[in-house]
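# Commentary on secondary and tertiary structure
The chain contents come next:
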Amino acid sequence: MTLAPNSPEARDIAYHFHAYTNAMAHAELGPQIIDKGEGVFVHDNHGKRYVEAMAGLWSVAVGFGEERLIRAAEAQMRRLPFYHNFAHRSHGPAIELAEKLVSMAPVEMSKVFFTNSGSEANDTVVKMLWYRSNALGKPEKKKLISRQRGYHGVTVASASLTGLPNNHRSFDLPITQVRHTTCPHYWKEGREGESEEAFASRCAEDLDALIQAEGPDTIAAFFAEPVMGAGGVVVPPATYWEKIQKVLRKYDILLIADEVICGFGRTGRMFGCETFGIEPDAMVLSKQITSSYVPFSAILLNERFYQPVAEESGRIGVLGHGFTAGGHPVGAAVALENIAIIEERGLVAKAAETGAYLRERLAQFAAHSLVGEVRGVGLIAAVELAHPERDDLAPGALGAAMNRLLYERGVISRPILDSLAFCPPLIIEKPEIDLIVDAFGDALGALEAQEF
Ligand SMILES: Cc1ncc(COP(=O)(O)O)c(C=O)c1O
């Protein structure tokens, strides 16, 4: 690849160290530079338009270029561009948003703690769990259970909770307190002749056995996404959540629902917990809370979680935790406006309807020779590719090839090994879904014609 030395691509290679990128390959391949967006579309710096079928990183709920969010941010910047919530200080947007989130929660919640990213929020929950166990006089109750292929972020504790090898390798993770249990992916993990419900029971039995092996009094909490996102859009089998919660209740283990992707309509209900009948002790919210126009995250805690933490801060004299920008007034103002848009425009019901259409159309490929599984719920879906004869192919080879073919056809998806994920903005209309699915069909034909 020859690039003009002053081109944005050459400057990117020269100066920009990318997240989730092979740095050595980047020097060869260069960046794809996205310049602007409107609705469900983005444009690259050469003027080519793409359907953003991943809503950025599962996050731009109301689409790109939403004027109301721009105005909300501007108005808040003019009034109070920054303030914090340390040492009893507060401001209007944080108060209003905390009240709003507690009122929206599907189970009774008590308080909201503000952070800036999903990772920060999960790390904060871990620290609060440890603080709580100490407050309760149970210093041994510190271990955390999450799931293989679960995704909870990349900071030290969050990356440890994440159950993906590339988040641990060479980072000296996970930390010693974390254990991972079975991934509830029936198509992959289910055994010959095992029904979906029997598989769900086995997942719960695995969890129970792990808790027994570790010692029930040593486990503080179980972290899980209602639907796994970055691990490959894994929708749990029927009865999974009911059975898992029964185990957690038996041992008095707190349940932390990581709603960073599921929250605010993605699964066809306002929260993933509603879709799956989950009754969490804490909910972690981010991404769609502001449609990612501004970095923002929040933790909702119930009284059982909050009260011992509050009392411990009283004994010590302060809760020694907080982020400069946590509950940032601009983020809080944008979150309030974004939630108002989601509610006023009925985007949750819309996601349920257009999501059903997307999944129905993708299901047309289920019998294709290169397709292993089509799965999803609400407006989040994945198609997992599998070559019928070539089990020597490197994991991810088909996914990467398909992702390139889709990109050439003006669709931005995300390959997760050999699964192609789809998680478009909640505002997407059926003709725009047709653009995605038609491109997918065309790309699948092209993939079939390729030599592997
Ligand atoms: C379920 C879940 N939790 C946590 C995170 C981490 O969020 P962030 O990238 O904002 O740190 C993500 C990010 O994709 C996520 O999907």
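The following refers to the structure shown. What you see is a predicted model; the values in this text were computed from it and never measured.

## A short note on the overall build of the protein chain
Check the secondary structure of the protein chain and you find 16 helices and 15 strands. A compact globule built from 452 residues would reach a C-alpha radius of gyration of about 22 Å, and the protein chain, at 22 Å, matches this within 12%. Principal-axis analysis of the C-alpha atoms gives the protein chain an extent of 65 × 60 × 45 Å. When the accessible surface of the protein chain is split by element, carbon and sulfur atoms take 53% of a total near 19900 Å². Averaging the locations of the 43 positively and 57 negatively charged side chains of the protein chain gives two centres separated by 4 Å.

## Things to note about the sheet that holds strand 4 (residues 111-115)
A sheet is described by the order of its strands in space; here seven strands give the open sequence 4-10-9-8-7-5-6, paired in mixed fashion. The strands lining the two open edges of the sheet, one partner per strand, are strand 4 and strand 6 (178-181). Across the sheet, the axes of successive neighbouring strands diverge by a mean angle of 20 degrees, strand direction being ignored. Here strand 5 (residues 143-147) pairs with strand 7 (residues 219-224) via three bridges, running parallel. Bridged to K143 within strand 7 is I219. This element, helix 6 (residues 118-135), spans strand 4, strand 5, strand 7, strand 8 (254-258), strand 9 (282-285) and strand 10 (297-301) of the sheet and lies at about 160 degrees to strand 7.

## Focus on the pattern of salt bridges
Under the criterion given, the structure shown has 24 salt bridges. Between E194 and R202 there is a salt bridge; the shortest N-O distance is 2.7 Å. R202 carries the same exposure label as E194, and that label is buried. For D281, the salt bridge goes to R304, with nearest N and O atoms at 3.2 Å. Here R304 lies in helix 12 (residues 303-316) and D281 lies in the loop between helix 11 (272-276) and strand 9, a separation of 23 residues in the sequence.

Cut-offs used in this document
Residues numbered from 1 in each chain as written. Predicted model: local features only at pLDDT ≥ 70, side-chain atom pairs only at ≥ 80, totals over all residues. Heavy atoms only, no water. Helix = DSSP H or I, 4+ residues; strand = E, 2+ residues; numbered from the N terminus. Rg over C-alpha atoms; globule rule 2.2 N^0.38 Å. Areas by Shrake-Rupley, 256 points an atom, 1.4 Å probe, with all protein chains shown as cover. Lys, Arg positive; Asp, Glu negative; His and termini not counted. Charge placed at Lys NZ, Arg CZ, Asp CG, Glu CD. Pairing = 2+ DSSP bridges. Axes fitted to C-alpha atoms, helices over the stretch in contact; angles between N-to-C directions. Contact = heavy atoms within 4.5 Å. Salt bridge = Lys/Arg side-chain N within 4 Å of Asp/Glu carboxyl O. Buried < 20%, exposed > 50% of the residue type's maximum accessible area, 1.4 Å probe, protein only.

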